Amino acid sequence: MPEGFWQIVIAAVVSNAVALAALGFLFKSLIGHFLDKDINSYKSKLDAENLKLQIAYGGIFEKQANAILELYSKLLSLEFGASSGNLGTPEQWNAYQNSIQSAASFYHEQRVMFPQTLDAKVLETIQRAHEILAHSTDGRTPEEFAKKFREAKKATLLEMRKLLSVGVHEPKNS
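Residues numbered from 1 in each chain as written. Predicted model: local features only at pLDDT ≥ 70, side-chain atom pairs only at ≥ 80, totals over all residues. Heavy atoms only, no water.

Now for the packing of aromatic side chains. Scanning the entire structure with this criterion turns up two aromatic pairs. Centre to centre, the rings of Phe 5 and Trp 6 are 5.6 Å apart; their planes meet at 70°, and the pair counts as edge-to-face. Here Phe 5 falls in the partly exposed class, since its relative accessible area comes to 38%. (Phe/Tyr/Trp six-rings, centres within 6.5 Å; stacked < 30°, edge-to-face > 60°. Buried < 20%, exposed > 50% of the residue type's maximum accessible area, 1.4 Å probe, protein only.)

Encoded structure:
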């Protein structure tokens, strides 16, 4: 075979390889461009939805925090009413009963805002307040019931602090 034949074959193979490489590069760039465009479009839609969700949840968390703060205020009034000597007259007893009803009513109205862990603790605290009321008909608050109330309120307060993220850590079990 003549020498020129191999040169022509090599030139044809090389030129085809270069053409295929150029076409492959262009095809890859074109596909990459379309994918980047689709990804960027998807990212912008996702960012917009994320922002909407953050705004919506932000409002819910603000409402939850306000409900927790208001509920704590009502529990403080229950604690004050449960103090020794504060149920000595029928008027004080009735006022304490009204405080319990007010706290329970507010709690039930806002209950959807509270997770189950806080829900259970608030119910226990209100139940302890009812026990104090039931056992204070003679004007005295039995210390055992006041102590149970304080313990329930303390557990409720701890759970509230956890929900509000005010630096409460889980106690370590020894």
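A separate point is the packing of helix H1 (residues 3-81) against helix H4 (residues 143-164). Interhelical geometry of H1 versus H4 gives an angle of 165° and a closest axis separation of 11 Å. Between H1 and H4, the angle is such that the two are roughly antiparallel. When the axes of H1 and H4 are compared, the crossing they make is left-handed. Along its contact with H1, which presents Ala 65, Ile 68, Leu 69, Leu 71, Tyr 72, Leu 75, Leu 76, Leu 78 and Glu 79, the element H4 presents Phe 149, Arg 150, Lys 153, Thr 156, Leu 157, Met 160, Leu 163 and Leu 164. (Axes fitted to C-alpha atoms, helices over the stretch in contact; angles between N-to-C directions. Helix = DSSP H or I, 4+ residues; strand = E, 2+ residues; numbered from the N terminus. Parallel < 35°, antiparallel > 145°, perpendicular 65-115°, else oblique. Left-handed = near helix turned anticlockwise from the far one by under 90°. Contact = heavy atoms within 4.5 Å.)

Across soluble globular proteins, nonpolar side chains show a tendency to be buried alongside one another. In this structure, Leu 71, Leu 78, Tyr 96, Ile 100, Phe 114 and Ile 132 are the most contacted members of the largest nonpolar core, which totals 24 residues. Going through the elements one at a time, H1, helix H2 (90-110), helix H3 (116-134) and H4 are the ones with two or more residues in this core. (Core = buried A, V, L, I, M, F, W, Y, C linked by side-chain atoms within 4.5 Å.)

Moving on to the pattern of salt bridges. Across all of its chains, the model carries seven salt bridges by this definition. Linking Asp 119 and Arg 111 is a salt bridge whose minimum nitrogen-to-oxygen distance equals 2.9 Å. Notably, a salt bridge pairs Arg 150 with Glu 143, separated by 2.5 Å at the nearest N-O pair. On the basis of relative accessible area, Arg 150 is assigned to the partly exposed category, the value being 38%. Here the residues in one salt-bridge network are Glu 124, Arg 128 and Glu 131, joined through shared partners. (Salt bridge = Lys/Arg side-chain N within 4 Å of Asp/Glu carboxyl O.)

Time to look at the environment of Phe 145. As for its position among the elements, Phe 145 is in helix H4. Among the residues examined, Phe 145 registers a relative accessible area of 12% and is labelled buried. The spatial distance from the C-alpha of Phe 145 to the C-alpha of Glu 131 is 6.8 Å, given a sequence separation of 14 residues.

No statement about biological role is implied by the geometric values presented.
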